[in-house]
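Each chain, written out:
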Amino acid sequence: MRIAILAASVALMTASCTAEKNEPTLKEYFSDNFLIGTALNVGHIKGFDQKADSVVRRHFNTIVAENCMKCEKIHPAEDRYFWDDADAFVDYGVRNNMTIIGHTLIWHSQLARWFPRDSAGNYVSADVLKQRMRDHITTIMTRYKGKIKGWDVVNEPILENGSYRKSPFYDILGEEFIPLAFQYAHEADPDAELYINDYAMNVPAKREAYVRIVNDLKSRGLRIDGIGMQGHMGMDYPDLDEFEASINAYAATGCNVMITEWDMSALPTVSRSANVGDSVAFSKLLNPYPDGLPTGVSDQWNARMDSITDMFIRHSDVITRVTAWGVDDGMSWKNNFPVRGRVEYPLLFDRDYNLKPFMANRLANTAK
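Since this is a predicted model, take the numbers as computed values, not measurements.

So, about the overall build of the protein. Secondary structure summary: the protein contains 14 helices and 8 strands in total. Against the 2.2 N^0.38 benchmark of 21 Å for 368 residues, the protein shows a C-alpha radius of gyration of 22 Å, consistent with a compact globule. Its C-alpha atoms give the protein principal-axis dimensions of about 80 × 50 × 40 Å. Looking at the protein residue by residue over its 368 residues, the buried ones come to 50%. Taking all contacts inside the protein whose residues are at least 6 apart in sequence as the whole, residues at least 24 apart take part in 77%. Accessible area of the protein: about 16,900 Å², with a carbon and sulfur share of 49%. Between the averaged position of the 40 positive side-chain charges in the protein and that of its 49 negative side-chain charges there is a distance of 3 Å.

Burial of strand β7 (residues 256-264) is extensive: 8 of the 9 residues sit out of reach of the surface. Pairing geometry for strand β6 (residues 226-233) and β7, over 7 bridges, is parallel. Paired with Gln 230 across the two strands is Thr 260, which belongs to β7. Chirality of the crossover, the property in question, places the unit of β6, helix α11 (residues 240-251) and β7 among those that are right-handed.

Right, let's talk about the packing of aromatic side chains for a bit. For any pair of aromatic rings, geometry is given as the distance between the ring centres together with the angle between the planes. Scanning the model with the defined rule gives 13 aromatic pairs in all. One aromatic cluster is present, built from ring pairs that chain together Trp 114, Phe 115, Phe 169 and Phe 177. Looking at Lys 206, its charged tip hangs above the ring of Tyr 199, at a distance of 4.0 Å from the centre. The ring of Trp 301 is capped by Lys 356, whose NZ or CZ atom sits 4.2 Å from the centre of that ring.

Looking now at the nonpolar core. If you look at the biggest cluster of nonpolar residues, it comprises 100 residues, and the most contacted ones within it are Met 69 and Phe 312. Take this core: its biggest share by element is 8 residues, from helix α9 (residues 177-188). Once residues lying within four places of it in the same chain are set aside, the contact partners of Met 69 are Ile 74, Ala 86, Phe 89, Val 90, Gly 102, His 103, Thr 104, Tyr 144, Ile 148 and Trp 151. Core analysis: the next-biggest nonpolar cluster, separate from the first, contains 6 residues, Val 64, Ile 101, Tyr 195 and Met 258 among them.

Turning to helix α6 (residues 84-95), a few remarks are in order. Over its 12 residues, α6 extends 16 Å from the first C-alpha to the last, a length consistent with the 16 Å expected when each residue adds 1.5 Å. Regarding α6, the residues found buried are Asp 85, Ala 86, Phe 89, Val 90, Tyr 92 and Gly 93. Down the axis of α6, the sector holding all buried residues measures 155 degrees, keeping them to one side. Of the exposed residues in α6, those oriented more than 90 degrees away from the buried face are Asp 84 and Arg 95. Packed against the buried residues of α6 are β1 (35-40), α3 (42-45), α4 (50-59), β2 (62-65), α5 (71-74) and β3 (99-107). Of the residues trailing α6, Asn 97 is marked for its positive phi of about 55 degrees.

Our next topic: the sheet that holds β7. Taken in spatial order, the 8 strands close into a barrel running β1-β2-β3-β4-β5-β6-β7-β8, and their pairing is parallel. Taken pair by pair, the neighbouring strands of this sheet meet at an average axis angle of 30 degrees, ignoring direction. In this sheet, β6 lies alongside strand β5 (residues 193-198) in parallel orientation, the contact comprising 4 bridges. Residue pairing for β6: Asn 197 is matched across the bridge by Gly 228. On top of the sheet, α11 reaches β6, β7 and β8 (319-324); it is set at about 170 degrees to β6, its chief contact.

What follows concerns the side chain of His 75. Locating His 75 in the fold gives a position in the loop between α5 and α6. Polar contacts involving the side chain of His 75 include one to the main-chain carbonyl oxygen of Glu 78, which spans 3.2 Å.

What counts as what
- Residues numbered from 1 in each chain as written.
- Predicted model: local features only at pLDDT ≥ 70, side-chain atom pairs only at ≥ 80, totals over all residues.
- Heavy atoms only, no water.
- Helix = DSSP H or I, 4+ residues; strand = E, 2+ residues; numbered from the N terminus.
- Rg over C-alpha atoms; globule rule 2.2 N^0.38 Å.
- Buried < 20%, exposed > 50% of the residue type's maximum accessible area, 1.4 Å probe, protein only.
- Contact = heavy atoms within 4.5 Å.
- Areas by Shrake-Rupley, 256 points an atom, 1.4 Å probe, with all protein chains shown as cover.
- Lys, Arg positive; Asp, Glu negative; His and termini not counted.
- Charge placed at Lys NZ, Arg CZ, Asp CG, Glu CD.
- Pairing = 2+ DSSP bridges.
- Right-handed = clockwise from strand over helix to strand, strands pointing away.
- Phe/Tyr/Trp six-rings, centres within 6.5 Å; stacked < 30°, edge-to-face > 60°.
- Lys NZ or Arg CZ within 6 Å of the ring centre and 35° of its normal.
- Core = buried A, V, L, I, M, F, W, Y, C linked by side-chain atoms within 4.5 Å.
- Expected span 1.5 Å × (residues − 1).
- Arc of directions from axis to C-beta.
- Axes fitted to C-alpha atoms, helices over the stretch in contact; angles between N-to-C directions.
- Polar contact = N/O pair within 3.5 Å; in protein donor to acceptor, adjacent residues only side chain to side chain.

Given below as structure tokens:
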């Protein structure tokens, strides 16, 4: 009896593995459209999640670092760089023959405190900041020259109203910090692709600002290859017509369009201005499905993601990369934010590493 059960189990596992091998992968499905990728965290890079690792190696052909290349991590002190995690990330991509994207060189958030300040805590002069930017960009890009295809050179510099964010870079250098960053990046690695990246890229005022900035960079003879449209979405945002209008407007600059940081919240959008009498009730509104999505909500989520995917494919003549911001729901940054214990369902794979229905159906139909 035990031998029969063991034989049946082996046969079942063999059949399952054979079926998986015969099923198309995401990178095969999108091979005629664009690169399909994901962000990797340090735990994944270090091999702490073998199931997620098998998903990444099977389905994705491009990767970006979630946090380990951001300034506070990779350059924590003026005279010190921390390379271990970034090196491991790049090595992972090289070993698995993936297109590697560097994220990010100049960003106001997760910026090491020392970077824009002197020993007394005051802002440094324009000349000092320029030199620090040049040294930072050159040191990092030179280390990974020939291994990283492209870099998010400047991240999130513009507000939704189209004005410049009041960051230390803007406060000290004004609008020139963006052209300077692209100049330094191209000098550091003339073969690397260079991108600008931001969220809410569907907003008309922000769209107009980016078209103006990109055209200005080009008029100066500076290299810029791609505009990253962060795809942090929800069930009721962004307006897909506006998002599509932005794809067309950014493509008209001559740049490639990239869908970066893609995820879509399955939870209702709740504003702090909501008329909720106490914090407990408000927390429940923020975390309505701690034990799993109701079937109706899951169906709506999948239908919207299906429509969004159709939009990406429709514009695959200008979209060169689509990158999800994480592998599976359990590793999303949206969990525990903005309240501890919040459970989210925003990514392509669920917590059991199963592909969500909208995409699984596409692959199944391809295999027929």
